Structure formats: C-alpha cells, structure tokens
Amino acid sequence: LYVGCDETLFHPIDAPARPGGRIEVFTYGAFLALHGTEVVVEAAARLKQRTDIHWTIGGQGPRFKQVRRMVAGAGLQNVDLVGWIPVSELPAHIARASICLGGHFSRVPKAARVVSTKTFQFLAMARPAIVGDNEATHEILTHGEQAWLVPMGDAEALAGAVETLARDAGLRERLAAGGRQTFEERLSTACLARQVATVLEEALCTSVS
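Residues numbered from 1 in each chain as written. Predicted model: local features only at pLDDT ≥ 70, side-chain atom pairs only at ≥ 80, totals over all residues. Heavy atoms only, no water.

Enquirer: Even after reading the chapter, I still don't get the pattern of salt bridges, so can you show me in this structure?
Expert: Close approach of charged atoms allows side chains with opposite charge to pair. A complete count under the given rule lists five salt bridges for this structure. Across the pair Arg180 and Glu184 runs a salt bridge whose closest N-O atoms are separated by 3.0 Å. Of the two residues, Arg180 and Glu184 both sit in helix α7 (residues 169-187), four residues apart, roughly one turn of that helix. Judged by relative accessible area, which is 18%, Arg180 ranks as buried. In this structure, a network of salt bridges that share partners links the residues Arg50, Asp52 and Glu163. (Salt bridge = Lys/Arg side-chain N within 4 Å of Asp/Glu carboxyl O. Helix = DSSP H or I, 4+ residues; strand = E, 2+ residues; numbered from the N terminus. Buried < 20%, exposed > 50% of the residue type's maximum accessible area, 1.4 Å probe, protein only.)

As structure tokens, this is what we get:
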C-alpha cells in the first residue's frame, strides 16, 4: 500500500509567474543521510554559473549544519536553505517550483527500497519531478513519462537532469501531466481506500470460510 498524500493540501494549483523566466528547483526533507541532500548541493555547485537556475532546500535535521557548510564553502549564491516549512505552506513552495526533486539521492541501502513521501506530493500537484532510479520507483514511474529518473548518489547526473528539464518546457509539462495521471489512477486516497477494502474483504471471507 503506497503512502499517498493529503489531497486536501496537495492538488494542482496555478503556479505564480517566475521573475525573468527563472527556473526554480525545490526540495525539502529532514536532512537525514537517507535523503542525500549533499548530492543536491553538489549538483547545484556544478551549475553555479547558471544564474537562471535557483535552488530552494527546505527542512531541518541532523545534517543541516553540514549542508550549510557545504553551501557556504562552495560560495553558492544560487542555493537558499529556508529551514523548516510547515506542512500547510508546502503546497505554495511546490507550486512555485519549475522542477521538484523527489529523491532519494543517497546510496543508503534503504533509499533504494522506498519512494519518498514528497514524491507523492509532487505527483499529486502535477509538478515535474526528478527521482532516484531504484526498484521501488520503477513500480510506479517510468523514466521520461511520469518522472525523470537519475542514478542515486550521482551529483553529475542530477545536475544534468536539472539542465535537461530546465531547457525543455514541453518535457516538464509532459512529466507533470504523466505524474498526475499516475497519481489519480494508482496513488490517490480513493485508490488506496479500494485496495484496503479489497484486503479486508478477502480477510473476512477467509475467516468466515
């Protein structure tokens, strides 16, 4: 049973205009080793000369200070660490994003076995997402159709993916539409409720028989 998300909060909303056509890259998390936020910063560093690409990273957690030192040490003017974002404010940040980073981007073993919660939120809101390429992701997403998949732990590949999506608005629109369709067909609350109901019915029938 997939995690899904709270659809009263996470649903398609009109995106505000971005100044000067700037590409806004957004992700957030609890700064755990699992998430691979350092890989995101390394990717941003590779694109530091791209003044048209801006990165916003939300959240707090054990590795926040380490990540902040990385940003400062690399002199990244294109990265903002905005701290913890209340869940009620997350939809506005996601809606503003041109590209969302679902992760997970680390090589921690667990990262290859799960789909991040934020990925479900990004799909629900019809935002183009870059996601770690792993077995769990392949259960629901196909590269280039519902999301853009990148090797985990590979900052160069992540930077290349951001550049690819940044220069192709049509691709971003296709990924957003494909991701939203998959959410509606497989990951919505209604879909998950039907799955639970089926399991309960089968269990009751088995116990009665």
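Enquirer: Can you walk me through the packing of aromatic side chains in this structure?
Expert: Aromatic ring pairs: the centre-centre distance and the angle between the two ring planes describe each pair. With the rule as written, the count across this model stands at three aromatic pairs. Considering the side-chain rings of Tyr2 and Phe120, the 6.3 Å spacing of their centres and the 50° angle between planes classify their relative orientation as tilted. Of this pair, Tyr2 sits in the segment before β1 (23-29) while Phe120 sits in helix α4 (residues 117-124); the two residues are 118 residues apart in sequence, bridging distant segments of the chain. With relative accessibility at 22%, the residue Tyr2 sits in the partly exposed group. Using a relative accessible area of 1% as the deciding quantity, one classes Phe120 as buried. Above the face of the Tyr28 ring, Lys118 is positioned so that its terminal group lies 5.6 Å from the ring centre. (Phe/Tyr/Trp six-rings, centres within 6.5 Å; stacked < 30°, edge-to-face > 60°. Lys NZ or Arg CZ within 6 Å of the ring centre and 35° of its normal.)

Enquirer: Sorry if this is basic, but what is going on with the environment of Glu89 here?
Expert: Among the secondary structure elements, Glu89 is positioned in the loop between β3 (79-83) and α3 (90-96). Spatially, the C-alpha atom of Glu89 lies 9.1 Å from that of Leu9, the residues being 80 residues apart in sequence.

Enquirer: What should I look at first to understand unusual backbone geometry in this one?
Expert: Peptide bonds are trans in most cases, and residues, glycine excluded, mostly fall at negative phi. The omega angle of the peptide bond from Gly103 to His104 is -15°, so this bond is cis rather than trans. Locating His104 in the fold gives a position in the loop between β4 (99-103) and α4. A positive phi angle, near 55°, is found at Phe31, a position not held by glycine. Locating Phe31 in the fold gives a position in the loop between β1 and α1 (37-46). When its relative accessible area of 2% is taken as the criterion, Phe31 is described as buried.

Note that all results are geometric; they support no functional claim without further evidence.
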